[in-house]
Amino acid sequence: MGLKKDLTGSGKSKIVRYLAEGCSSLKIAKLLKHDHRTIKRFIQNSQQGRKKRVEKPRRKITAHELRKVKRAAAKMPLATSLAIFQSCNITGVPKSTRCAILRDMAKVRKAERRPPLNKTHKLKRQDWAKKYLKTDFSKVLWTDEMRVSLDGPDGWARGWIGKGQRAPVPLRRQQGGGGVLVWAGIIKDELVGPFQVEDGVKLNSQSYCQFLEDTFFKQWYRKKSASFKKNMIFMQDNAPSHASKYSTAWLARKGIKEEKLMTWPPCSPDLNPIENLWSIIKCEIYKEGKQYTSLNSVWEAVVAAARNVDGEQIKTLTESMDGRLLSVLAKKGGYIGR
């Protein structure tokens, strides 16, 4: 029987653990009974922070389709390249080709650059990656909050605008603006929440713990088995309401303490897979520059977008952690691609 060439999620996790134990790629291939080249490719791709690109045949665009794309770009300001091409019923075109075509007839706003990491930040990110190299990330609950506004996140919305056209002017309000604070978590292939923070509540240590009690613990955690609770690791970032002594002691009384409460490095949203979930939801609720007239309507949009995120998408995010750890080590604590 020949050697196996395809890697499963559990197989990738085993590779990371063997690497942490100092095993060579050849020894890992023998232990897992995999082709040595497959193991080496996985390690190289993980260190580069991205999956190897699969070459696909380029789809040729006709002159008629180009005209349709140009009209769609004019009618759908701030839409993504995928949305523009889908509206024209043009499928099978890779993102790189879509963007190359649109650059001849439109422009896109660039995202803001991230602030630089200092030496201390990088060292703490490396220490964190080394500490959790052997972790079974299918047991980690990744959590975070996201604020969504009626008019779209400041500095975030971007999309294609036809040359010679002006970007649409967003709705300006004298009063009645604001937004909704949303909390959610992801573990393995499951979405926890989303849950809405009550309007007007500022999340300090006390209100954060009460919020977790009313939502996460009562509506989700209490339904889980004892074995699940024993093995689950709770992740939260270093926001003051999360990392305070009050919150830490409160979580400890709930049984989430020591190794069950993940330590988190500073300035590291790129290491939290739930940030990618927020991007998916924001792209959906703000597509084509959409704005909202009430807090209830934007919250309903968040719930609807979250329901459309399937288990395979979430699993892809949570299974990316082995690669993220290898990437942050390869980049000596620097930012990685998400």
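Look up: the structure comes first, before these words.
Below is a summary of the structure that appears in this document. In this text the structure is predicted, and so the values were computed from the model without any measurement. Note on numbering: residues in each chain are counted from 1, in written sequence order. With pLDDT at 70 or above as the cut-off, local features in this predicted model cover only qualifying residues; side-chain atom pairs require 80 or more to be listed or tallied, and sums for whole chains, interfaces and linings still use all residues. Side-chain numbers come from the whole structure's heavy atoms, not from hydrogens or water.

## Looking at the sheet that holds strand β4 (residues 179-187)
Rule in force here: Only when DSSP finds a minimum of two bridges between them are two strands counted as paired. Strands here mean DSSP runs of E at least two residues long; helices mean DSSP runs of H or I at least four residues long; both are numbered from the N terminus. With axes taken as lines fitted to C-alpha atoms, and helix axes fitted only over the stretch in contact, angles between N-to-C directions fall between 0 and 180 degrees.
Overall, mixed pairing links the four strands, which are arranged β5-β4-β2-β6 in an open sheet. The sheet terminates laterally at β5 (190-196) and β6 (233-235), the two strands that pair on one side only. Taking each pair of neighbouring strands and ignoring which way they run, the sheet shows an average axis angle of 20 degrees. Strand direction decides the pairing type here: strand β2 (residues 140-149) and β6, joined by three bridges, are parallel. Bridge pairing in β6 links L141 to F234.

## Notes on the pattern of salt bridges
So the rule is basically this: We define a salt bridge as a side-chain nitrogen of Lys or Arg found within 4 Å of a carboxyl oxygen belonging to Asp or Glu. Type-normalised accessible area, obtained with a 1.4 Å probe on protein chains alone, sets the label of each residue: buried when under 20%, exposed when over 50%, and partly exposed for intermediate values.
Inspection of every chain in the model, using the stated rule, returns seven salt bridges. In this structure, R37 engages D35 in a salt bridge whose closest nitrogen and oxygen atoms are separated by 3.0 Å. Looking at D35, the relative accessible area reads 10%, which means it is buried.

## Section: helix α13 (residues 295-307)
Test applied: A helix's residues, less one, multiplied by 1.5 Å, set its expected span. Between two residues, a contact is recorded if the distance between any of their heavy atoms is within 4.5 Å.
With 13 residues, α13 should reach 18 Å at 1.5 Å per residue; the first-to-last C-alpha distance of 19 Å fits that figure. What α13 keeps buried is the set V298, W299, A301, V302, V303, A305 and A306. Taken together, the buried residues of α13 touch β2, β4, β5 and α12 (274-285).

## Some words on the pairing of β2
Counting buried positions along β2 yields nine of 10 residues, so the element is predominantly enclosed. Looking at chain direction, β2 and β4 are connected through eight bridges and run antiparallel. Its bridge partner being in β4, E145 is matched across the sheet by W183.

## A look at the nonpolar core
Taken as a class, soluble globular proteins show a tendency for nonpolar side chains to be buried jointly. Cut-off, in case you're wondering: Side-chain atoms within 4.5 Å are what join buried Ala, Val, Leu, Ile, Met, Phe, Trp, Tyr and Cys residues into a set we call a nonpolar core. Note that the domain bounds were set by an automatic or database domain assignment.
Membership of the largest hydrophobic core comes to 51 residues, with the highest contact counts inside it found for W128, W142, V148, M262, I281 and I285. The dominant element in this core, judged by the number of residues it contributes, is α13, at seven residues. A domain-level breakdown of this core finds at least three residues from each of domain 1 (11-43) and domain 3 (119-154 + 177-331). Every residue in contact with W128, bar those within four places of it in the chain, is listed here: M262, T263, W264, P265, L271, M321 and L325. F216, Y221, F234 and L261 belong to the second-largest nonpolar core, a separate cluster that totals 22 residues.

## Overview of a negative patch on the surface
Defined as follows: Each patch is built from residues that are more than 30% exposed by relative accessible area and take part in no salt bridge. Like charges join if they lie within 9 Å; nonpolar side chains (Val, Leu, Ile, Met, Phe, Trp, Tyr) join within 5 Å. All accessibility values rest on the Shrake-Rupley procedure with a 1.4 Å probe; residue burial counts only the protein chains present in the view. Neither His nor the chain termini are counted; the positive set is Lys and Arg, and the negative set is Asp and Glu. To locate a charge, take atom NZ for lysine, CZ for arginine, CG for aspartate or CD for glutamate.
Together, D189, D310, E312 and E319 make up a region of like negative charge exposed at the surface. Topologically, D310 is positioned in the loop between α13 and α14 (311-318).

## With respect to the pairing of β4
Burial analysis of β4 places nine of its nine residues in the buried class, the great majority of the element. Across five bridges, β4 lies against β5 in antiparallel orientation. Residue pairing for β5: I187 is matched across the bridge by E190.

## Regarding the environment of S149
Relative to the elements of secondary structure, S149 occurs in strand β2. Sequence separation between S149 and G179 is 30 residues; the distance between their C-alpha atoms is 3.8 Å. Residues contacting S149, with those up to four places away along its chain left out, are G178, G179, Y286 and V298.

## A closer look at the environment of W250
Within the secondary structure, W250 sits in helix α11 (residues 245-253). Note on W250: relative accessible area 12%, which makes it buried. When near neighbours in sequence (up to four residues on either side) are disregarded, W250 contacts C209, L212, E213 and F217.

## Concerning the side chain of D322
As for its placement among the helices and strands, D322 is situated in helix α15 (residues 321-330). At 6.5 Å, R17 is the nearest oppositely charged side chain to D322, a buried residue that forms no salt bridge. Excluding residues that lie within four positions of it along the chain, D322 makes contacts with K12, S13, V16 and F137.

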